[in-house]
Amino acid sequence: MAKPLNSRVAVVTGAGRGIGLAVAARLARDGAAVAVNDVDGDMAHEAATAIAAAGAWAVAAPGSVVDLDDVAAMLEAARNSFGRLDILVNNAGITADAMAHTMTDEQWNLVCDVALKGTFNLCRAALPLLRGSRDNPPVHHRKVVNMASINGIYGIAGNANYSAAKGGVIALTKSLAREWARHRINVNAVAPGYIAGTRLTGARDDNTGLGIPEAVIERIEAQIPIGRAGTPEDVAGAVAWLASPDSDYATGQVIELHGGREMVELL
Ligand SMILES: NC(=O)c1ccc[n+]([C@@H]2O[C@H](COP(=O)([O-])OP(=O)(O)OC[C@H]3O[C@@H](n4cnc5c(N)ncnc54)[C@H](O)[C@@H]3O)[C@@H](O)[C@H]2O)c1
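Reading the values: the criteria
- Residues numbered from 1 in each chain as written.
- Predicted model: local features only at pLDDT ≥ 70, side-chain atom pairs only at ≥ 80, totals over all residues.
- Helix = DSSP H or I, 4+ residues; strand = E, 2+ residues; numbered from the N terminus.
- Rg over C-alpha atoms; globule rule 2.2 N^0.38 Å.
- Buried ≥ 20, exposed ≤ 12 C-beta atoms within 10 Å, placed from the backbone.
- Contact = placed C-beta atoms within 7 Å.
- Pairing = 2+ DSSP bridges.
- Axes fitted to C-alpha atoms, helices over the stretch in contact; angles between N-to-C directions.
- Expected span 1.5 Å × (residues − 1).
- Bend = angle between axes of the 7 residues up to and from the residue.

Caption draft 1: Structural detail: the overall build of the protein. Scanning the protein from terminus to terminus reveals eight helices and seven strands. Computed over C-alpha atoms, the radius of gyration of the protein comes to 18 Å, within 12% of the 18 Å expected from 2.2 N^0.38 for 267 residues, which places it in the range of a compact globule. Taken along its principal axes, the extent of the C-alpha atoms in the protein is 55 × 40 × 35 Å. Out of the 267 residues belonging to the protein, those deemed buried represent 46%. Contacts in the protein between residues far apart in sequence, at least 24 positions, make up 70% of those at least 6 positions apart.

Below, the structure written as C-alpha coordinates:
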(Lines give C-alpha, C1' and ligand atoms only; values in the text may rest on other atoms or scores of the structure.)
Protein backbone atom coordinates (compact mmCIF):
# COMPACT_ATOMS: atom_id res chain seq x y z
CA MET A 1 0.00 0.00 0.00
CA ALA A 2 1.32 3.50 -0.81
CA LYS A 3 2.53 5.33 2.25
CA PRO A 4 1.22 8.88 2.84
CA LEU A 5 4.67 10.50 2.67
CA ASN A 6 6.19 8.49 -0.17
CA SER A 7 8.62 10.63 -2.23
CA ARG A 8 8.59 13.40 0.40
CA VAL A 9 11.78 14.70 2.00
CA ALA A 10 11.80 16.00 5.60
CA VAL A 11 14.19 17.82 7.91
CA VAL A 12 13.53 17.36 11.64
CA THR A 13 15.54 19.50 14.08
CA GLY A 14 16.51 18.33 17.55
CA ALA A 15 15.79 14.76 16.48
CA GLY A 16 18.57 12.94 18.30
CA ARG A 17 16.24 11.95 21.13
CA GLY A 18 12.84 12.57 22.70
CA ILE A 19 9.97 13.97 20.70
CA GLY A 20 12.15 14.85 17.69
CA LEU A 21 13.42 11.29 17.39
CA ALA A 22 9.85 9.93 17.56
CA VAL A 23 8.80 12.44 14.87
CA ALA A 24 11.69 11.54 12.56
CA ALA A 25 11.01 7.81 12.99
CA ARG A 26 7.27 8.30 12.34
CA LEU A 27 7.79 10.40 9.18
CA ALA A 28 10.26 7.78 7.93
CA ARG A 29 7.75 5.00 8.65
CA ASP A 30 5.16 6.99 6.70
CA GLY A 31 7.49 6.95 3.68
CA ALA A 32 9.53 10.17 3.92
CA ALA A 33 13.28 10.39 3.52
CA VAL A 34 14.50 12.20 6.63
CA ALA A 35 17.46 14.44 7.43
CA VAL A 36 17.97 14.02 11.17
CA ASN A 37 19.33 17.14 12.85
CA ASP A 38 20.68 17.54 16.36
CA VAL A 39 23.23 19.87 17.93
CA ASP A 40 24.74 16.69 19.38
CA GLY A 41 26.32 15.19 16.27
CA ASP A 42 26.70 11.71 17.77
CA MET A 43 22.99 11.55 18.59
CA ALA A 44 22.08 12.78 15.10
CA HIS A 45 24.19 10.03 13.53
CA GLU A 46 22.88 7.33 15.89
CA ALA A 47 19.27 8.32 15.19
CA ALA A 48 19.79 8.41 11.42
CA THR A 49 21.51 5.02 11.54
CA ALA A 50 18.67 3.50 13.59
CA ILE A 51 16.02 4.87 11.23
CA ALA A 52 17.91 3.61 8.17
CA ALA A 53 18.37 0.22 9.82
CA ALA A 54 14.57 -0.04 10.02
CA GLY A 55 14.49 0.14 6.22
CA ALA A 56 13.86 3.88 5.67
CA TRP A 57 15.89 6.66 4.07
CA ALA A 58 17.72 8.80 6.60
CA VAL A 59 20.82 10.96 6.78
CA ALA A 60 22.40 12.77 9.72
CA ALA A 61 22.38 16.57 9.50
CA PRO A 62 24.18 17.72 12.66
CA GLY A 63 24.48 21.32 13.79
CA SER A 64 22.84 24.03 15.86
CA VAL A 65 19.65 25.74 14.74
CA VAL A 66 21.12 28.94 16.20
CA ASP A 67 24.11 28.97 13.84
CA LEU A 68 23.28 30.17 10.33
CA ASP A 69 26.14 28.22 8.71
CA ASP A 70 24.93 25.05 10.44
CA VAL A 71 21.38 25.77 9.29
CA ALA A 72 22.54 26.09 5.67
CA ALA A 73 24.54 22.87 6.03
CA MET A 74 21.62 20.85 7.42
CA LEU A 75 19.33 21.95 4.60
CA GLU A 76 22.08 21.18 2.12
CA ALA A 77 22.39 17.69 3.63
CA ALA A 78 18.74 17.07 2.77
CA ARG A 79 19.08 18.52 -0.74
CA ASN A 80 22.34 16.70 -1.46
CA SER A 81 21.08 13.35 -0.25
CA PHE A 82 17.49 13.47 -1.48
CA GLY A 83 17.32 16.36 -3.98
CA ARG A 84 14.47 18.39 -2.47
CA LEU A 85 12.60 19.45 0.67
CA ASP A 86 8.89 18.99 1.35
CA ILE A 87 8.56 18.93 5.15
CA LEU A 88 10.32 20.99 7.81
CA VAL A 89 9.75 20.15 11.48
CA ASN A 90 11.19 22.74 13.86
CA ASN A 91 11.40 20.68 17.04
CA ALA A 92 14.66 21.73 18.72
CA GLY A 93 14.02 23.29 22.11
CA ILE A 94 15.64 23.71 25.46
CA THR A 95 14.76 24.90 28.96
CA ALA A 96 16.64 27.01 31.52
CA ASP A 97 14.05 27.57 34.24
CA ALA A 98 13.97 30.32 36.86
CA MET A 99 11.43 32.68 38.32
CA ALA A 100 11.48 35.84 36.21
CA HIS A 101 12.98 38.05 38.90
CA THR A 102 16.01 35.77 39.22
CA MET A 103 16.35 34.88 35.53
CA THR A 104 19.70 35.78 33.96
CA ASP A 105 20.18 37.24 30.50
CA GLU A 106 21.95 33.99 29.59
CA GLN A 107 18.90 31.90 30.54
CA TRP A 108 16.57 34.20 28.62
CA ASN A 109 18.76 34.34 25.51
CA LEU A 110 19.59 30.63 25.39
CA VAL A 111 15.97 29.49 25.43
CA CYS A 112 14.69 32.19 23.06
CA ASP A 113 17.61 31.67 20.66
CA VAL A 114 17.04 27.93 20.27
CA ALA A 115 13.23 27.75 20.25
CA LEU A 116 12.23 31.01 18.57
CA LYS A 117 15.20 32.35 16.60
CA GLY A 118 16.18 28.79 15.63
CA THR A 119 12.71 28.18 14.21
CA PHE A 120 12.87 31.44 12.28
CA ASN A 121 16.39 30.62 11.02
CA LEU A 122 15.25 27.32 9.57
CA CYS A 123 12.04 28.69 8.06
CA ARG A 124 13.78 31.60 6.34
CA ALA A 125 16.62 29.49 4.97
CA ALA A 126 14.31 26.65 3.85
CA LEU A 127 11.85 28.75 1.85
CA PRO A 128 13.66 28.51 -1.52
CA LEU A 129 13.91 24.73 -1.16
CA LEU A 130 10.31 24.39 -0.01
CA ARG A 131 9.09 26.46 -2.93
CA GLY A 132 11.02 24.38 -5.44
CA SER A 133 12.51 25.84 -8.60
CA ARG A 134 10.58 27.54 -11.39
CA ASP A 135 11.41 24.59 -13.64
CA ASN A 136 9.93 22.18 -11.20
CA PRO A 137 6.91 23.80 -9.55
CA PRO A 138 5.63 21.93 -6.53
CA VAL A 139 2.58 19.84 -7.33
CA HIS A 140 1.75 19.08 -3.73
CA HIS A 141 1.58 21.16 -0.56
CA ARG A 142 4.80 21.57 1.38
CA LYS A 143 4.57 21.50 5.17
CA VAL A 144 6.19 23.33 8.05
CA VAL A 145 5.38 22.05 11.53
CA ASN A 146 6.67 24.05 14.50
CA MET A 147 6.93 22.66 18.02
CA ALA A 148 5.22 25.06 20.41
CA SER A 149 3.98 24.20 23.92
CA ILE A 150 0.87 24.80 25.98
CA ASN A 151 3.13 27.07 28.04
CA GLY A 152 3.23 29.37 25.02
CA ILE A 153 -0.58 29.70 25.20
CA TYR A 154 -1.38 29.58 28.90
CA GLY A 155 1.95 30.61 30.46
CA ILE A 156 3.43 29.00 33.54
CA ALA A 157 5.33 30.17 36.59
CA GLY A 158 9.03 29.43 36.52
CA ASN A 159 9.85 29.52 32.83
CA ALA A 160 8.84 32.87 31.38
CA ASN A 161 11.68 32.58 28.85
CA TYR A 162 10.35 29.26 27.49
CA SER A 163 6.72 30.38 27.54
CA ALA A 164 7.56 33.63 25.75
CA ALA A 165 9.65 31.79 23.15
CA LYS A 166 6.86 29.27 22.50
CA GLY A 167 4.26 32.04 22.31
CA GLY A 168 6.56 33.62 19.73
CA VAL A 169 6.69 30.34 17.82
CA ILE A 170 2.89 30.37 17.63
CA ALA A 171 2.80 33.97 16.34
CA LEU A 172 5.57 33.17 13.85
CA THR A 173 3.60 30.13 12.67
CA LYS A 174 0.47 32.20 12.01
CA SER A 175 2.38 34.96 10.24
CA LEU A 176 4.26 32.55 7.96
CA ALA A 177 1.02 30.69 7.25
CA ARG A 178 -0.37 33.94 5.82
CA GLU A 179 2.81 34.76 3.89
CA TRP A 180 3.34 31.31 2.41
CA ALA A 181 -0.17 30.08 1.62
CA ARG A 182 0.28 31.44 -1.91
CA HIS A 183 3.23 29.05 -2.35
CA ARG A 184 1.09 26.14 -1.14
CA ILE A 185 3.24 25.86 1.97
CA ASN A 186 1.15 25.07 5.06
CA VAL A 187 2.58 26.30 8.36
CA ASN A 188 1.13 24.85 11.55
CA ALA A 189 2.18 24.16 15.12
CA VAL A 190 1.72 21.48 17.73
CA ALA A 191 1.48 22.62 21.34
CA PRO A 192 2.08 19.60 23.58
CA GLY A 193 1.28 19.50 27.25
CA TYR A 194 3.17 17.17 29.56
CA ILE A 195 5.03 14.58 27.46
CA ALA A 196 6.75 12.05 29.68
CA GLY A 197 10.04 10.33 29.13
CA THR A 198 12.04 13.07 27.45
CA ARG A 199 15.09 14.86 28.76
CA LEU A 200 13.07 18.03 29.41
CA THR A 201 10.46 16.24 31.48
CA GLY A 202 12.43 13.47 33.17
CA ALA A 203 13.08 13.56 36.90
CA ARG A 204 15.02 16.66 37.92
CA ASP A 205 18.78 16.31 37.44
CA ASP A 206 20.42 18.68 39.91
CA ASN A 207 23.64 18.74 37.89
CA THR A 208 22.06 20.00 34.68
CA GLY A 209 19.00 21.73 36.11
CA LEU A 210 16.94 19.85 33.50
CA GLY A 211 13.82 17.91 34.34
CA ILE A 212 10.96 18.29 36.80
CA PRO A 213 10.76 17.41 40.52
CA GLU A 214 8.99 14.05 41.13
CA ALA A 215 6.24 15.65 43.25
CA VAL A 216 5.41 18.07 40.43
CA ILE A 217 5.27 15.21 37.89
CA GLU A 218 2.76 13.37 40.12
CA ARG A 219 0.64 16.51 40.45
CA ILE A 220 0.63 17.13 36.69
CA GLU A 221 -0.34 13.53 35.88
CA ALA A 222 -3.22 13.68 38.37
CA GLN A 223 -4.64 16.69 36.48
CA ILE A 224 -4.89 15.01 33.05
CA PRO A 225 -8.48 13.96 32.19
CA ILE A 226 -7.30 11.31 29.69
CA GLY A 227 -5.58 9.67 32.65
CA ARG A 228 -1.99 9.49 31.50
CA ALA A 229 0.93 11.62 30.42
CA GLY A 230 1.49 12.11 26.71
CA THR A 231 4.20 10.19 24.86
CA PRO A 232 6.60 11.33 22.14
CA GLU A 233 4.63 9.05 19.80
CA ASP A 234 1.41 10.96 20.59
CA VAL A 235 3.14 14.14 19.39
CA ALA A 236 4.61 12.36 16.37
CA GLY A 237 1.09 11.33 15.34
CA ALA A 238 -0.08 14.95 15.26
CA VAL A 239 3.03 16.04 13.35
CA ALA A 240 2.53 13.19 10.86
CA TRP A 241 -1.00 14.44 10.14
CA LEU A 242 0.21 18.02 9.68
CA ALA A 243 2.94 16.72 7.35
CA SER A 244 0.53 14.64 5.26
CA PRO A 245 -1.82 15.54 2.39
CA ASP A 246 -4.76 14.95 4.78
CA SER A 247 -4.04 18.37 6.33
CA ASP A 248 -3.75 20.35 3.07
CA TYR A 249 -6.61 22.65 4.12
CA ALA A 250 -5.15 23.39 7.56
CA THR A 251 -2.78 26.31 7.94
CA GLY A 252 -1.97 28.73 10.75
CA GLN A 253 -3.38 26.20 13.23
CA VAL A 254 -2.11 25.18 16.64
CA ILE A 255 -2.99 21.65 17.76
CA GLU A 256 -3.09 21.52 21.55
CA LEU A 257 -2.12 18.05 22.73
CA HIS A 258 -2.51 17.78 26.48
CA GLY A 259 -4.94 14.96 27.24
CA GLY A 260 -7.57 17.54 28.16
CA ARG A 261 -5.50 19.08 30.95
CA GLU A 262 -6.10 22.67 29.90
CA MET A 263 -9.88 22.08 29.96
CA VAL A 264 -9.80 21.25 33.64
CA GLU A 265 -10.77 24.71 34.87
CA LEU A 266 -13.83 24.60 32.60
CA LEU A 267 -15.13 21.15 33.60
N1 LIG B 1 8.58 17.09 26.72
C2 LIG B 1 7.50 17.87 26.85
O3 LIG B 1 6.67 17.69 27.74
C4 LIG B 1 7.27 18.99 25.88
C5 LIG B 1 6.07 19.70 25.99
C6 LIG B 1 5.83 20.74 25.10
C7 LIG B 1 6.76 21.05 24.13
N8 LIG B 1 7.93 20.34 24.06
C9 LIG B 1 8.85 20.71 23.01
O10 LIG B 1 9.18 19.58 22.22
C11 LIG B 1 10.48 19.73 21.68
C12 LIG B 1 11.32 18.51 22.01
O13 LIG B 1 11.45 18.41 23.42
P14 LIG B 1 11.86 17.06 24.18
O15 LIG B 1 11.01 17.02 25.39
O16 LIG B 1 11.90 15.92 23.24
O17 LIG B 1 13.33 17.48 24.66
P18 LIG B 1 14.74 16.75 24.58
O19 LIG B 1 15.66 17.58 25.39
O20 LIG B 1 14.60 15.31 24.92
O21 LIG B 1 15.11 16.88 23.02
C22 LIG B 1 15.46 18.11 22.46
C23 LIG B 1 16.55 17.87 21.42
O24 LIG B 1 16.90 19.14 20.84
C25 LIG B 1 18.31 19.18 20.70
N26 LIG B 1 18.78 20.55 20.65
C27 LIG B 1 18.94 21.43 21.68
N28 LIG B 1 19.45 22.58 21.24
C29 LIG B 1 19.62 22.46 19.89
C30 LIG B 1 20.11 23.31 18.88
N31 LIG B 1 20.57 24.53 19.17
N32 LIG B 1 20.13 22.85 17.60
C33 LIG B 1 19.70 21.61 17.30
N34 LIG B 1 19.24 20.74 18.24
C35 LIG B 1 19.19 21.16 19.51
C36 LIG B 1 18.84 18.43 21.93
O37 LIG B 1 20.19 18.00 21.74
C38 LIG B 1 17.83 17.29 22.03
O39 LIG B 1 18.23 16.15 21.31
C40 LIG B 1 11.04 21.03 22.27
O41 LIG B 1 10.83 22.09 21.36
C42 LIG B 1 10.20 21.22 23.51
O43 LIG B 1 10.14 22.57 23.89
C44 LIG B 1 8.21 19.31 24.91
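Caption draft 2: Quick peek at the sheet that holds strand E5 (residues 142-147). As summarised here, the arrangement of the seven strands in space is E3-E2-E1-E4-E5-E6-E7, forming an open sheet in which the pairing is parallel. At either margin of the open sheet sits one strand with a lone partner, and together these are strand E3 (58-60) and strand E7 (254-257). Between one strand axis and the next, the sheet turns by 15 degrees as a mean value, whatever way the strands run. Sitting on the sheet, helix H1 (residues 18-29) touches strand E1 (9-12), strand E2 (33-36), E3 and strand E4 (87-90), and the angle it makes with E1 is about 175 degrees. Sitting on the sheet, helix H4 (residues 105-131) touches E4, E5 and strand E6 (185-192), and the angle it makes with E4 is about 175 degrees.

Caption draft 3: Expanded view of H4. Taking 1.5 Å per residue as the helical rise, H4 with its 27 residues ought to reach 39 Å, and the 37 Å between its terminal C-alpha atoms agrees with that figure. Considering bend angle alone, the principal kink of H4 is centred on Asp113 and spans about 40 degrees. Every buried residue belonging to H4 is among Val111, Val114, Ala115, Leu116, Gly118, Thr119, Asn121, Leu122, Cys123, Ala126 and Leu130, and all of these are buried. Close packing links the buried residues of H4 with helix H3 (68-82), E4, E5, helix H6 (160-180) and E6. Immediately beyond the C-terminal end of H4, within one or two residues, lies Gly132, with a positive phi of roughly 80 degrees.

That's the geometry; what it means functionally is another story.
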